[in-house]
Amino acid sequence: MAAVIQLQRQLLDYTTSLYNEAYLDGQFTQLQQLQDESNPDFVVEVVSLFFEDSQRLLDDLTATLNQQVVDFKRVDAHVHQLKGSSSSIGAQRVQRACIVFRNYCEQQNTEGCLKCLQQVKNEYYLVKNKLETLFKLEQQLVAAGGSIPMQ
């Protein structure tokens, strides 16, 4: 029982830090509230789809920005899509980096776009790592016989 309590405290502290450091926002809490006994892996499934989609978009953005002639409409469309999907799961820092990225797209500033792409990638990999750690903590807690506290 002490192990369960310790894991619950660790999970709570870790989750709190993700909000305090602006990795996540209230949208992630809303996503968690949609999860129930009938669909216990809902959040993990939605976030996994976000990871797959985002990686594809980041790869395409990298390829598009490395062309001799950059198709800024295509870049902007991908950044817009990434901004929307990051917003829908509450990945606040990714979303904010995408807003700056879109401004450089409007200016058709290749150098600015490349810098923003690197920033978006950094924020994406950070939040991906943080969420994977969160899900591992949740799995450990459940495996130890505990339940995940709802936010």
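Not measured: the values here are computed from a predicted model.

1. With respect to the UniProt feature "modified residue: Phosphohistidine" (unreviewed entry) in the protein
Argument step 1. Per the UniProt record, "modified residue: Phosphohistidine" (unreviewed entry) is found at His-80.
Argument step 2. Turning to its location among the elements, His-80 is positioned in helix H4 (residues 72–89).

2. Section: the packing of helix H1 (residues 2–20) against helix H6 (residues 110–143)
Argument step 1. Between H1 and H6, whose axes approach to 9 Å, the crossing angle comes to 160 degrees. Viewed along their axes, H1 and H6 adopt a mutual orientation that is roughly antiparallel. Crossing of H1 over H6 shows left-handed handedness. Across the interface between the two elements, Val-4, Leu-7, Gln-8, Gln-10, Leu-11, Tyr-14, Thr-15 and Leu-18 from H1 touch Lys-130, Thr-133, Leu-134, Leu-137, Glu-138, Gln-140 and Leu-141 from H6.

3. Quick notes on the pattern of salt bridges
Side chains bearing opposite charge may pair, as long as their charged atoms lie close to each other.
Argument step 1. Applying the stated criterion across every chain yields a total of seven salt bridges.
Argument step 2. Between Arg-9 and Asp-13 there is a salt bridge, and its shortest N-O distance comes to 3.7 Å. You can see Arg-9 and its partner Asp-13 sitting in helix H1, four residues apart, about one turn around the helix.
Argument step 3. Judged by relative accessible area, Arg-9 falls into the partly exposed class, the value being 49%.

4. Points about the confidence of the model for the protein
Argument step 1. Within the protein, residue pLDDT values average 95, and 99% of them lie at 70 or more.
Argument step 2. Within the protein, no element has a lower average pLDDT than H1, which sits at 94, and none a higher one than H4, at 98.

5. What about unusual backbone geometry?
Argument step 1. Despite not being glycine, Ala-22 has its phi angle at roughly 65 degrees, a positive value.
Argument step 2. For Ala-22, the location among the structural elements is in the loop between H1 and helix H2 (26–33).
Argument step 3. Backbone geometry places Gln-108, a non-glycine residue, at a positive phi of 55 degrees.
Argument step 4. For Gln-108, the location among the structural elements is in the loop between helix H5 (92–106) and H6.

6. Details of the packing of helix H3 (residues 42–65) against H6
Argument step 1. Relative to each other, H3 and H6 sit at 160 degrees, their axes nearing to 11 Å. On the basis of their axis angle, the class for H3 and H6 is roughly antiparallel. In the packing of H3 onto H6, the handedness of the crossing is left-handed. Here Val-43, Val-44, Val-47, Phe-50, Phe-51, Ser-54, Gln-55, Leu-58, Leu-61, Thr-62 and Leu-65 of H3 come into contact with H6, specifically with Thr-110, Cys-113, Leu-114, Leu-117, Val-120, Lys-121, Tyr-124, Tyr-125, Lys-128, Leu-131, Glu-132 and Phe-135.
Argument step 2. In the contact of H3 with H6, the residues fall into 16 nonpolar, four polar and three charged.

Conventions and cut-offs
Residues numbered from 1 in each chain as written. Predicted model: local features only at pLDDT ≥ 70, side-chain atom pairs only at ≥ 80, totals over all residues. Heavy atoms only, no water. UniProt positions renumbered as here; feature names shortened; annotations may be inferred. Helix = DSSP H or I, 4+ residues; strand = E, 2+ residues; numbered from the N terminus. Axes fitted to C-alpha atoms, helices over the stretch in contact; angles between N-to-C directions. Parallel < 35°, antiparallel > 145°, perpendicular 65-115°, else oblique. Left-handed = near helix turned anticlockwise from the far one by under 90°. Contact = heavy atoms within 4.5 Å. Salt bridge = Lys/Arg side-chain N within 4 Å of Asp/Glu carboxyl O. Buried < 20%, exposed > 50% of the residue type's maximum accessible area, 1.4 Å probe, protein only. pLDDT = per-residue confidence, 0-100. Nonpolar A, V, L, I, M, F, W, Y, C, P; charged D, E, K, R; others polar.

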